[in-house]
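Structural characterization, general
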Amino acid sequence: MKNIFKKKDSKATRHDSRSHKELLNPAVAFERIQDYSHKSPRLVSDKFASAALGNNMPDIPVPEPPDPRSKPAAYLRSIHAVRQRTRLVLDEAKSNALYHFDVDMSKFKDTADYVVAIIKRDFHEDYASIPPHGRWQHFEVGGRPRVTQLLQSWPNSIDNQERTRRLIDLFLVSVLLDAGAGDKWSYKSKESGKVYARSEGLAVASLEMFKAGAFSSDPTQPHQVDAAGLKKVTIETLAKGMQVTEANPMSGLDGRTGLLIRLSSALQDTEIFGADGRPGNMIDYLMSHPTTQAASVPIILLPTLWSVLMDGLSSIWPASRTSIEGIPLGDAWPCRAMPKSPPAQLWESIVPFHKLTQWLCYSLMVPMTKLLNVHFAGEDLMTGLPEYRNGGLLVDTGLLTLKEEDRQKGLKNYHRMVGDGNAVEVVPTFEPCDDVIVEWRAVTVGFLDELLTAVNEGLGLEGSEQLTLAQMLEAGTWKGGREIAKVSRPITGGPPIGIISDGTVF
């Protein structure tokens, strides 16, 4: 890495010139989040859809987010709020004014150069071939085209709409099972005999469970997920399917099981998920939605898909998380670094992430785009994912350093959790709700946008040739975070900061 890293990039240190006192003013903060809504990077299928639509691309307005001053819960549940709120924490980071991390902006270009080097190594300037970040790639770990093989296993009489429904069935359950499994769990494929861990292990395990009919109530059609089929899921059946034992423990098994059981109830919304309660039936709902436009390709508003996932699945998330006026916000947490001024409104202190919902969006858009040639208007509202691979990259490259007081607190948490006799590659460890983790996740989202600009510059890409955010996540930051973790912690390959997973966040 040393020969990759170079001197400081002065452009990376620029930040809002207004005084810290001004930035604490709620009116100024609201002005800033409105401004940030126009600074989103493009996503991958914009390229494909633009080519398909040619000059017939209609100008489709994307709805603005709810006003947080009158509808704070609706605002914080919107996709718009993720970038807008995390950007405020990024501003604090650029001023090295975070509560839990020291920020060395001289290392920003080092981080970008590392990502550039990985992309150049793997794609040899064939950057257009980089797929978007999504669950599809995880299924194909080891170079085996498992999704393609699954599609080929179905008779030609199954049309593309039903094929897409089945993939959405699979992808949705697989993403919900994709929270961090821990350093000790792995899965041995029944089909290949190969062993996989972490996200890829969870992907292969969920695929093999899907093919065996573990989530279907119809014995004649195992390759589907439906409400009745999910009702039969128990901790024991999920543990068996995931090969969890005392010798092969998985973090957050209870939380994952709870998600699937609650999903069975959420799927009873027949308007979205049909009479048989299948996730894939959202295709029919989306294609017939009043906001969906028919051009040379179908055009679905990203906020419409977002609403299906946020509102249609809202009941699956744990009720104990943050709420406003009795409305649960999902993956949204109070954060000390959020600018606010007394008397602060509750919404001002909260930063939303909705990581699993965003991961669902990224993942579900891929089969819809590939099989049905759907374009999503407003994809640029999506952000980078605030999870430990992307965030770990920022720590392992030295851009972020956990403050000593927090490091000591986290080390105590680690030893209390695992016991001194089981310590392996000790890292500071925290609960997902800890302000350390919330701040880390928020600044991760912000820096991913900044990295996209720097990485495209480093690759010499301009205009329509530029990598999209989804491509950089796939080929650069997520992969780079994993690789540098393996170098830094070769035994576990785990992140530099541990998260006590409940199976519903990471």
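The sections below set out a description of the structure shown in this document. Here the structure is a predicted model, which means the values were calculated and not measured.

Rules behind the numbers
Residues numbered from 1 in each chain as written. Predicted model: local features only at pLDDT ≥ 70, side-chain atom pairs only at ≥ 80, totals over all residues. Heavy atoms only, no water. Helix = DSSP H or I, 4+ residues; strand = E, 2+ residues; numbered from the N terminus. Polar contact = N/O pair within 3.5 Å; in protein donor to acceptor, adjacent residues only side chain to side chain. Contact = heavy atoms within 4.5 Å. Salt bridge = Lys/Arg side-chain N within 4 Å of Asp/Glu carboxyl O. Buried < 20%, exposed > 50% of the residue type's maximum accessible area, 1.4 Å probe, protein only. Core = buried A, V, L, I, M, F, W, Y, C linked by side-chain atoms within 4.5 Å. Expected span 1.5 Å × (residues − 1). Pairing = 2+ DSSP bridges.

What follows covers the side chain of Thr-477. Relative to the helices and strands, Thr-477 resides in helix 21 (residues 469-488). Here the side chain of Thr-477 touches Asn-390 through a polar contact of 2.9 Å, side chain to side chain. Residues in contact with Thr-477, not counting those within four places in the same chain, are Val-115, Arg-389, Asn-390, Leu-393, Leu-448, Leu-451 and Met-472.

On to the pattern of salt bridges. Under the counting rule described, the total for this entry stands at 23 salt bridges. Residue Arg-278 is joined to Asp-169 by a salt bridge in which the shortest nitrogen-to-oxygen separation is 2.8 Å. Taken together, the positions of Arg-278 in the loop between helix 14 (270-273) and helix 15 (282-287) and Asp-169 in helix 9 (residues 160-176) put the pair 109 residues apart, joining distant regions of the chain. On the basis of relative accessibility, which here comes to 5%, the residue Arg-278 falls in the buried class. Salt bridges sharing partners connect three or more residues here, namely Glu-162, Arg-165, Arg-166, Asp-169, Arg-278 and Asp-284.

Moving on to the nonpolar core. Counting residues in each nonpolar core, the largest one holds 134 residues, and the members touching the most others are Ile-119, Phe-215, Met-242, Leu-263, Met-282, Leu-305 and Phe-447. With near-sequence residues (within four places) excluded, Phe-215 lies in contact with Val-173, Leu-177, Ser-206, Met-209, Phe-210, Gln-224, Val-225, Asp-226, Gly-229, Leu-230, Val-233 and Leu-260. By size, the runner-up hydrophobic cluster in this structure holds nine residues, among which are Ala-73, Ala-81, Leu-329 and Ala-332.

Side chains of residues three or four places apart in an α-helix project in the same direction, reflecting 3.6 residues per turn. For helix 10 (residues 198-211), with 14 residues, the first-to-last C-alpha span of 20 Å sits near the 20 Å given by 1.5 Å per residue. With respect to burial, helix 10 is a largely interior element, 13 of its 14 residues being buried. Gly-213 sits one or two residues past helix 10 and shows a positive phi near 80°.

What follows is about helix 20 (residues 435-459). Counted at 1.5 Å a residue, the expected span for helix 20 with its 25 residues is 36 Å, and the 35 Å between its end C-alpha atoms agrees. Judged by how many residues are buried, helix 20 sits mostly within the fold: 22 of 25 residues are covered. Two or three places before Val-436, at the start of helix 20, stands the capping residue Asp-434, its side-chain oxygen 2.9 Å from that residue's backbone nitrogen.

On to unusual backbone geometry, then. Phi at Gln-243 is positive, roughly 60°, even though this residue is not glycine. Relative accessible area serves as the criterion here: at 23%, Gln-243 is assigned to the partly exposed category. Positive phi outside glycine occurs at Glu-425, with the angle close to 45°. Relative to the elements of secondary structure, Glu-425 occurs in the loop between helix 19 (404-418) and strand 12 (429-430).

One open sheet holds the three strands; their spatial order is 4-5-10, and the pairing between them is mixed. Each end of this open sheet is capped by a strand with a single partner; those strands are strand 4 (293-294) and strand 10 (375-377). One ladder, built from three bridges, connects strand 5 (residues 298-301) with strand 10; its direction is parallel. Paired with Leu-301 across the strands is Ala-377, a residue of strand 10.

Any link to function would need more than the numbers given here.
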